[in-house]
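Fold and geometry: a report
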Amino acid sequence: MTLTKAVRFYGTGTPEVMRYEDVEVGEPGVGEVRLRHVAVGLNYADTYFRDGTYQIPMPNGMGVEASGVIEAVGGGVTEFAVGDRVTYTGFINTLGAYSIERLIPANALIKLPDDISCETAAAMTMRGLTSAYLMRRIYDFKAGDTILLHAAAGGVGLIVSQWAKLLGLTVIGTTSTEEKAEVARAHGCDYVINYSKEDVAQRVREITNGVGVNVVFDSVGKDTFMASLDSLKRRGLLVCVGTASGAIPDFNPVLLAIKGSVYITRPALADYIADPEEKKALAKELFDHVGSGRIKIEINQRYELKDAVQAHRDLEARKTIGSSIFVI
């Protein structure tokens, strides 16, 4: 047994429910590896596990994304070897990422190319794969299409903006401050709406000459739901990718007809990387864009694992810009 440190929680609630404590890590079983983390991703999805939005058994580990170096492999593991640099993201099968060392199923891992550092990987595996399926699987984008991107200065927002420009899309982003607006513009947003001062749907109609956008990517939820619907063109698509402001209120589906026969979907990354070949294809496209410099990953906040409570406070207070990681 190896004694290491990890963040665990024994009940749901505010950031203070998390504990930084000693844990024991054994030898990997069949299909597992023992992984020493170099960097761990901080994602808004982590708060959903912590506050009970996502129901999981208690007690449990925190975090679903990290990168590091394999220290031992269990029986039946043939794709990976000791010393390999890997990254991962997932859902319940990868919980426990807020740790220095851990056991993890080998089938959750993605081997890192030489030109992607562990810190960059931890900052982009979940956000990057999310961006990959949003750009390449959700909608058949064509050059000239227009999207509305909420939280445009967030980790996913910055990647989606850059990817959208590679596809020839017009990007309208929303942010809460001018500082964040500048960051969004620097990463590809053609227009930025300050939602704390402007009527989002009205500005979208002005920008699009009354037509509306093809797709809205909405990670905010309750506070932006109606504005998102009102920003769509006829038969447009609302992609609900998060609920940072709270759950979307119940609604009668006839509302979609009233708003122009629009569509709505609430996708989950897990369903877009469940197939190993699709996961590999999305990861390759992401790594190629990042490795070539076509997409840049911004790490603007670095924390230590012992500061997980403060990291969650910052995240929920919308104090962060771009990606945040824990450095081991």
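Not measured: the values here are computed from a predicted model.

With that settled, the discussion passes to the side chain of Glu65. Considering the arrangement of structural elements, one finds Glu65 in the loop between strand S4 (60-61) and strand S5 (66-73). Here Met126 takes part through its backbone nitrogen, which lies 2.5 Å from a polar atom of the side chain of Glu65.

Turning to the packing of helix H1 (residues 44-51) against helix H10 (residues 308-316), a few remarks are in order. Relative to each other, H1 and H10 sit at 110 degrees, their axes nearing to 10 Å. In terms of their interaxial angle, H1 and H10 are classed as roughly perpendicular. Remark: the crossing between H1 and H10 carries left-handed chirality. Touching Tyr44, Asp46, Thr47 and Arg50 of H1 are His312, Leu315 and Glu316, all from H10. Across the contact of H1 with H10, the residue classes tally to two nonpolar, two polar and three charged.

This part takes up the pairing of strand S15 (residues 299-303). Strand direction decides the pairing type here: S15 and strand S16 (residues 323-327), joined by four bridges, are parallel. Each residue of the ladder has a partner; that of Gln301, found in S16, is Ser324. With H10 bridging S15 and the parallel S16, this β-α-β connection has right-handed handedness.

Conventions we followed
- Residues numbered from 1 in each chain as written.
- Predicted model: local features only at pLDDT ≥ 70, side-chain atom pairs only at ≥ 80, totals over all residues.
- Heavy atoms only, no water.
- Helix = DSSP H or I, 4+ residues; strand = E, 2+ residues; numbered from the N terminus.
- Polar contact = N/O pair within 3.5 Å; in protein donor to acceptor, adjacent residues only side chain to side chain.
- Axes fitted to C-alpha atoms, helices over the stretch in contact; angles between N-to-C directions.
- Parallel < 35°, antiparallel > 145°, perpendicular 65-115°, else oblique.
- Left-handed = near helix turned anticlockwise from the far one by under 90°.
- Contact = heavy atoms within 4.5 Å.
- Nonpolar A, V, L, I, M, F, W, Y, C, P; charged D, E, K, R; others polar.
- Pairing = 2+ DSSP bridges.
- Right-handed = clockwise from strand over helix to strand, strands pointing away.

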